[in-house]
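# Notes for the structure review
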Amino acid sequence: MFNEKKESPHQIGERNTIAKNTSLVGDISSDGDFRVDGKIEGTIKTTGRVVIGKDGCVSGIIDCAHADIEGTFSGKLIVDQILSLKGTADISGDVIMGKLSVEPGAVFNATCAMKGSVKVIQNDGEKTKKTA
């Protein structure tokens, strides 16, 4: 009764790794973090962080909370909070993120949209939206 462990939906330290010289084609979904040092073609969806290592390459869609990119990405990248591009990063495609950090030397050839907070303002019964 008192010795039962309760599992939380997101275990601290949960990390999925795609090692160097590993190729994966398909869709991946998880609550844990991802580190990619190999090659992925497909979709990665997580509520955690995605790290693409220096030798990592992802083609497809990434939807995550945070992303740190040192390697190559092409496709659609959706980051709810912070996207951090290291000096060796090479990004192309469509990018939507909350905040962006770019080190000198990073290649960023993408259409870019930053998520902003949406405020609803009422004018004489009429609702209008403004983005910050």
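Residues numbered from 1 in each chain as written. Predicted model: local features only at pLDDT ≥ 70, side-chain atom pairs only at ≥ 80, totals over all residues. Heavy atoms only, no water.

In this fold, threonine 22 is placed in the loop between strand 1 (15-18) and strand 2 (23-30). Between the C-alpha atom of threonine 22 and that of glycine 38, which follows or precedes it by 16 residues, the distance is 4.9 Å. Contacts of threonine 22, omitting those with residues within four sequence positions, involve Gly38 and Lys39. (Helix = DSSP H or I, 4+ residues; strand = E, 2+ residues; numbered from the N terminus. Contact = heavy atoms within 4.5 Å.)

A few words on the nonpolar core. Grouped together as the largest cluster of nonpolar side chains are 23 residues, with contacts concentrated most on Ile62, Ile69, Leu77 and Leu83. Residue assignment for this core shows that the elements contributing at least two residues are strand 3 (33-36), strand 4 (39-46), strand 5 (49-52), strand 6 (57-64), strand 7 (66-69), strand 8 (72-85) and strand 9 (90-102). At five residues, strand 8 tops the list of elements feeding residues into this core. Ignoring sequence-local partners within four residues, the contact set of leucine 83 consists of Ala67, Ile69, Leu77, Val95, Met97, Lys99, Leu100 and Ser101. (Core = buried A, V, L, I, M, F, W, Y, C linked by side-chain atoms within 4.5 Å. Buried < 20%, exposed > 50% of the residue type's maximum accessible area, 1.4 Å probe, protein only.)

Residues Leu100, Val102 and Met114 make up a contiguous nonpolar surface patch of about 260 Å² in total accessible area. For leucine 100, the location among the structural elements is in strand 9. (Patch = residues over 30% accessible without salt bridge, like charges linked within 9 Å, V, L, I, M, F, W, Y side chains within 5 Å. Areas by Shrake-Rupley, 256 points an atom, 1.4 Å probe, with all protein chains shown as cover. Salt bridge = Lys/Arg side-chain N within 4 Å of Asp/Glu carboxyl O.)

Below, the discussion takes up the pattern of salt bridges. Counted according to the given criterion, the structure contains six salt bridges. Between glutamate 41 and lysine 39 there is a salt bridge, with the nearest N and O atoms lying 3.7 Å from each other. By relative accessible area, which is 38% here, lysine 39 ends up partly exposed. Among the salt bridges present, the one from arginine 49 reaches aspartate 68, with a minimum N-O distance of 3.0 Å. Placement of arginine 49 in strand 5 and of aspartate 68 in strand 7 is noted, with a sequence separation of 19 residues between them. Owing to a relative accessible area of 30%, arginine 49 belongs among the partly exposed residues under this scheme.

Remember, this is a structural readout, not a statement about activity or role.
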